[in-house]
Amino acid sequence: MSKIALVVGASGIAGSNLAEKLISKGWETYGLARNHNLENKNLKSVAANLLDLHGLKQALKDVKPTHVYITTWMRNDTEAENIRVNSLMVRNLLAALSHHNSVKHVSLVTGLKHYLGPFEAYAQDGFLPETPLREEHPRLELENFYYAQEDEVYAAAKRDGFTWSIHRPHTVIGKAVGNAMNMGTTLAVYASICKETGRPFIWPGSAAQWNGLSDVTDARVLAEHLIWASTTEQAQNEAFNIVNGDVFRWSRLWNRLANYFNITPVEFNGPIQSLEKEMANDAQVWLKIAKKYNLKEKDLSRLATAWHTDLDLGRPIEVMTDMSKSRKLGFTVFQNTEESFYDLFEQLRLAKLIP
């Protein structure tokens, strides 16, 4: 059977890396996004709005994927609105594909908010799970758009007879522009601003994150995991954590990242120093840097998502995930986290996104 992939959110961190990996493995690959993705010439780009069912059906009328990978979401002002919008996106997508009867497997990318709670109650006292985080941890008694997205996949699978997999990465490290959760690029941009202006590289997080163990997910590892689960029988109809496979402490890595950019690090020394506040007035600073070095993206807001980095690094507990479930089923891909950051920084330089 030929493998035809539809990557939903093909311009994001997870989606763009997945599309590249699928194409390199010989898959016929379609990439759906609100606007056409023209960066990868081998990707069959589909432009559509997931909230417009009629338009979505028209855009996908000739696309008959065997494997669907949902890697996108939309941020809204409240969790109730997050639930309404993001569940509708998944429902519309799977409804638009239903009449083809071609889909064999659907993969959904969510994340650790499954365990830590939605933005409105993120990692707050009273909702703190035991770590390392394990897939069998029950759903929190809180509204959470990840749960709503999962339920849409389960309902469509029951209706249409496909298998599914749920993928829960930690912070995803990879190259993308205009992405809503982008710590790696945010830190690269912040470090570049510090270097250009002589400002110190101030740790913006909590004591628990500074001193505790953590892990992250390289977008390339996530891509391999998505393909593995969608093509491995024993991994069907399962939810998985997915991280690089090592652990680290920010107390070491922060200094290593500062050394990479040849800037002065400031370690945790008391109250949390918000990165969003630190970078609040940097739009014009970045514009000058972008013009000076002829960078491709002059809009700071399309590169840096300081609000999300604050959420991740401000958590009151150390956060790391258990990978035993995937390992026992045969997924053995490993990535050194420090190298993930350095690889990303080099990608950003080559793409003329940082100096």
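As a reminder, the structure under discussion sits directly above these lines.
Below is a short write-up of the structure. (Residues numbered from 1 in each chain as written. Predicted model: local features only at pLDDT ≥ 70, side-chain atom pairs only at ≥ 80, totals over all residues. Heavy atoms only, no water.)

### Quick word on the sheet that holds strand β5 (residues 105-109)
Then, number 1: Across the sheet, seven strands lie side by side as β3-β2-β1-β4-β5-β6-β11; this open sheet has parallel pairing. Edge strands, defined here as strands with exactly one partner in the open sheet, are β3 (44-47) and β11 (238-242). Strand after strand, the sheet turns through a mean of 20° between neighbouring axes, direction not considered.
Then, number 2: Pairing between strand β4 (residues 67-70) and β5: four bridges, direction parallel. Residue pairing for β5: Y69 is matched across the bridge by S107.
Then, number 3: Across the sheet, helix α3 (residues 79-98) touches β1 (4-8), β4 and β5, and the angle it forms with β4 is around 165°. (Pairing = 2+ DSSP bridges. Helix = DSSP H or I, 4+ residues; strand = E, 2+ residues; numbered from the N terminus. Axes fitted to C-alpha atoms, helices over the stretch in contact; angles between N-to-C directions. Contact = heavy atoms within 4.5 Å.)

### Focus: the nonpolar core
Then, number 1: Membership of the largest hydrophobic core comes to 40 residues, with the highest contact counts inside it found for F201, W250, L257, M279 and W286.
Then, number 2: Contributing elements (two or more residues each) for this core: α6 (183-197), α9 (250-261), α11 (283-292), α12 (306-313) and α14 (337-350).
Then, number 3: Sort the elements by how many residues they give to this core and α6 lands first, with eight residues.
Then, number 4: Dropping the residues within four chain positions of it, M279 is found in contact with V189, Y190, I193, L300, A304 and A306.
Then, number 5: In terms of nonpolar packing, the next biggest core, distinct from the first, is built from 30 residues, L32, L60, V63 and I166 among them. (Core = buried A, V, L, I, M, F, W, Y, C linked by side-chain atoms within 4.5 Å. Buried < 20%, exposed > 50% of the residue type's maximum accessible area, 1.4 Å probe, protein only.)

### Focus: α9
Then, number 1: Over its twelve residues, α9 runs 16 Å from end to end, which matches the ideal 16 Å to within 8%, given 1.5 Å per residue.
Then, number 2: Every buried residue belonging to α9 is among W250, L253, W254, N255, L257, A258 and F261, and all of these are buried. (Expected span 1.5 Å × (residues − 1).)

### Here's the deal with the side chain of H170
Then, number 1: Within the secondary structure, H170 is located in the loop between β6 (163-169) and β7 (172-173).
Then, number 2: Within the structure, H170 has its side chain in polar contact with the side chain of R315 (distance 2.8 Å).
Then, number 3: With residues near it in sequence (within four places) discarded, H170 still touches L112, S214, D215, V216, T217, I242, V243, R315 and V319. (Polar contact = N/O pair within 3.5 Å; in protein donor to acceptor, adjacent residues only side chain to side chain.)

### What about the side chain of S16?
Then, number 1: You can see S16 is positioned in helix α1 (residues 13-24).
Then, number 2: Contacts of S16, omitting those with residues within four sequence positions, involve G9, A10, S11 and K175.

### Things to note about the environment of F127
Then, number 1: Secondary-structure assignment places F127 in the loop between α4 (113-116) and α5 (145-160).
Then, number 2: Considered as a pair, F127 and Y115 are twelve residues apart in the sequence and their alpha carbons are 8.5 Å apart.
Then, number 3: With residues up to four places along the chain from it excluded, the contact list for F127 reads Y115, L140 and L142.

### Some thoughts on the packing of aromatic side chains
Then, number 1: In total, this model carries 21 aromatic pairs according to the counting rule given.
Then, number 2: Here the aromatic rings of W73 and F145 are separated by 5.4 Å at their centres, their planes lie at 20°, and the arrangement is stacked. Remark: F145 occurs in helix α5 and W73 occurs in the loop between β4 and α3; sequence separation between them is 72 residues. Like F145, W73 is buried.
Then, number 3: Relative to W250, the ring of W203 has its centre 5.7 Å away and its plane inclined at 40°; by these criteria the two rings are tilted. Here W203 is found in the loop between β8 (201-202) and α7 (207-211), whereas its partner W250 is found in helix α9, with 47 residues between them in sequence. A single burial state applies to W203 and to W250, both of which are buried.
Then, number 4: Ring-pair connections join several aromatic residues into one group, and the members of that group are Y190, F201, W203, W210, F248, W250, W254, Y260, F261, F341, Y342 and F345. (Phe/Tyr/Trp six-rings, centres within 6.5 Å; stacked < 30°, edge-to-face > 60°.)

### Considerations on the environment of E141
Then, number 1: Relative to the elements of secondary structure, E141 occurs in the loop between α4 and α5.
Then, number 2: Residue E141 is classed as exposed on the basis of its relative accessible area of 82%.
Then, number 3: A C-alpha to C-alpha distance of 32 Å links E141 and W203, two positions 62 residues apart in sequence.

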